[in-house]
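Working through the structure, step by step
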Protein chains: 2
Amino acid sequence: MTGYLHSSRILVALDCIIFGFDGEALKLLLIKRNFEPEFGNWSLMGGFLNADEDLHDAATRILFTLTGLQNNYLEQLQTFGAVNRDPVERTISVVYYSLVNINDQDPLALKAHNASWIDLDSKPQLIFDHDQMVEAALRQLRYKAALYPIGFELLPEKFTVPQLQKLYEAIYNVKLDRRNFSRKIMATELLLGTGEKDATSVTKKGQLFKLNKEKYHDYLNGYQSFLPEFTELSLT
Amino acid sequence: MTGYLHSSRILVALDCIIFGFDGEALKLLLIKRNFEPEFGNWSLMGGFLNADEDLHDAATRILFTLTGLQNNYLEQLQTFGAVNRDPVERTISVVYYSLVNINDQDPLALKAHNASWIDLDSKPQLIFDHDQMVEAALRQLRYKAALYPIGFELLPEKFTVPQLQKLYEAIYNVKLDRRNFSRKIMATELLLGTGEKDATSVTKKGQLFKLNKEKYHDYLNGYQSFLPEFTELSLT
DNA sequence: TAAAATTGTGTATGTTTGACACATAAATAG
DNA sequence: CTATTTATGTGTCAAACATACACAATTTTA
């Protein structure tokens, strides 16, 4: 029934949950607001939809503005539309979440927006309904990462199996068995050995792998499912 | 960054995908439009968000208007926001999907809106991007019904195990083994026997069950997962 | 009254998960 | 430089689960 003339045109915002991983914990890129409203409080990065702009393009723009990155994993999450969610003016917010490699971002852009990476565990209270948005994003990340190998989006191009394991442990907040995890991952054929060894880590032993792009896209397109057992984990 | 004054206020529509089940096939409640634009073509039921109305309330209102039903399963799916998706005016559409018992609706409301139940398999082409919406809704239904027992929302209060099986076969477009399905379902403890037998079906033998509401809510809240093996099915 | 169809329960097999042992290589402490 | 500690890579085994298939009982249909 779209297409009627109608009087209620409404402000459409976008907010973006940006996930990163530093090798130990899941992190969020948050903004300490140096502008009104809610000056001094923490929030997600956001912006408004322009009249001549696709929704997804707007999310891409907002992400680029903050991180300097353009080709990240970016997926629409949900739209928040309670009447009083923004006290200033009725605004609905289309929420996206993004997975980025924490090393790739533009530090100047971050500084300019007063943004910093915060451990998910020690997240401050956010403005408006942004806490609910983060909660929903984490749920979605957990679901999605169980069926599709999107976790790799959070890692650098080359990584070790234990690094990958730590990532999944951080996402699902569980301890996994090294041996079983390794076997499982290797069986997916998603990892290509590079022959190199990890030089950055404290312990130098891990073999560096990179992603098998072809297999990766097969999994993304759903021809096979990734680690379905994680779908059963209680998501506390 | 919500809260700025900003000039781009945009028309916000809602469209609703309504799933039903007639014992054999999954069905959609669709509208043959007797109004402009796109007069004579098929579309989803939709409407516009009022300025003083929560998003979810608006979806509930639209569903009620068409079906006369108020307490159905109703979940937000995704927001569609391509610039030219609606040729009349820039409109973003927040899409909801709903699961209803096909016997419970108000026939007068359906008539008044020129709506009818159409087999998913023989769906006509819909206006604008509504075909994409239906596709996304089916994907979501398949995902959700694998982890949560929301399929029951499509059945009458009392039903037989074979009826339930047919529903899952329709949702996932597969053939399931009677014996294994029955065992699996009984193990969930979601079914309470009523002692009665099915009088309506051609074959009168099936025992009628009803839903164990308590267990049902446990599953919905994610304390256990339902039939996770379906998450692995190829969703063609 | 017999045959066909549908429902309910049982059993066997192959696969996968999850728990744990051992060997090897690298880093660290003395 | 050597021994100890730490982290990584591969292997085995039992329990749980999915899958395939057999048979009995009841109702419908011919």
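Residues numbered from 1 in each chain as written. Chains lettered and ligands numbered in written order. Predicted model: local features only at pLDDT ≥ 70, side-chain atom pairs only at ≥ 80, totals over all residues. Heavy atoms only, no water.

1. Here's the deal with the interface of chain A and chain B
- Opposite the 53 residues of chain A that make contact, chain B presents 51 residues.
- Both sides of the chain A and chain B interface together cover about 4400 Å² of buried area, and 58% of this is carbon and sulfur.
- The interface formed by chain A and chain B contains two salt bridges.
- Here Arg9 of chain A makes a salt bridge to Glu89 of chain B, at a shortest N to O gap of 2.6 Å.
- The tally of links between chain A and chain B comes to 14 residue pairs in polar contact (both at pLDDT 80 or more).
- Of all the secondary-structure elements, those providing two or more residues to the side of chain A that touches chain B are β1 (9-21), β4 (45-48), β5 (73-80), β6 (91-99) and α3 (130-147) of chain A.
- Within the side of chain A that touches chain B, the residues separate by chemical class into 25 nonpolar, 16 polar and 12 charged.
- Of the strand pairs in this sheet, β1 of chain A and strand β1 (residues 9-21) of chain B are connected by three bridges, and their pairing is antiparallel. Opposite Ile10 of chain A, over in β1 of chain B, you have Ile10 of chain B as the bridge partner. (Contact = heavy atoms within 4.5 Å. Buried area = accessible area lost by both parts, 1.4 Å probe. Salt bridge = Lys/Arg side-chain N within 4 Å of Asp/Glu carboxyl O. Polar contact = N/O pair within 3.5 Å; in protein donor to acceptor, adjacent residues only side chain to side chain. Helix = DSSP H or I, 4+ residues; strand = E, 2+ residues; numbered from the N terminus. Nonpolar A, V, L, I, M, F, W, Y, C, P; charged D, E, K, R; others polar. Pairing = 2+ DSSP bridges.)

2. Regarding the packing of aromatic side chains
Residues and elements named next belong to chain B.
- In this structure the tally under the stated criterion is 13 aromatic pairs over all chains.
- Taken together, a centroid distance of 5.5 Å and an interplanar angle of 45° make the contact between Phe152 and Phe159 tilted. Across the pair, Phe159 and Phe152 agree in class, each one buried. (Phe/Tyr/Trp six-rings, centres within 6.5 Å; stacked < 30°, edge-to-face > 60°. Buried < 20%, exposed > 50% of the residue type's maximum accessible area, 1.4 Å probe, protein only.)

3. Focus: the pattern of salt bridges
All names here are of chain A.
- Applying the stated criterion across every chain yields a total of 24 salt bridges over all chains.
- Arg179 serves as the salt-bridge partner of Asp177, at 3.1 Å between the closest nitrogen and oxygen.
- Where salt bridges share partners, they join Asp22, Lys27 and Asp119 into one cluster.

4. Comments concerning the pairing of β1 of chain B
All names here are of chain B.
- The buried fraction of β1 amounts to 12 of the 13 residues, a majority that puts the element mostly inside the structure.
- Sheet topology note: the β1/strand β6 (residues 91-99) ladder contains nine bridges and is parallel. Bridge pairing links Leu14 to Val94 in β6.
- In this structure, β1 lies alongside strand β4 (residues 45-48), joined through four bridges in antiparallel fashion. The residue of β4 that forms the bridge with Ala13 is Phe48.
- Two strands pair when backbone bridges link them, and β1 and strand β2 (residues 26-32) are joined in this way by three bridges, in the antiparallel orientation. Following the sheet pairing, Gly20 is matched in β2 by Lys27.
- Following β1, the chain reverses through four residues before pairing antiparallel with β2; Gly23 in that reversal takes a positive phi of roughly 100°.

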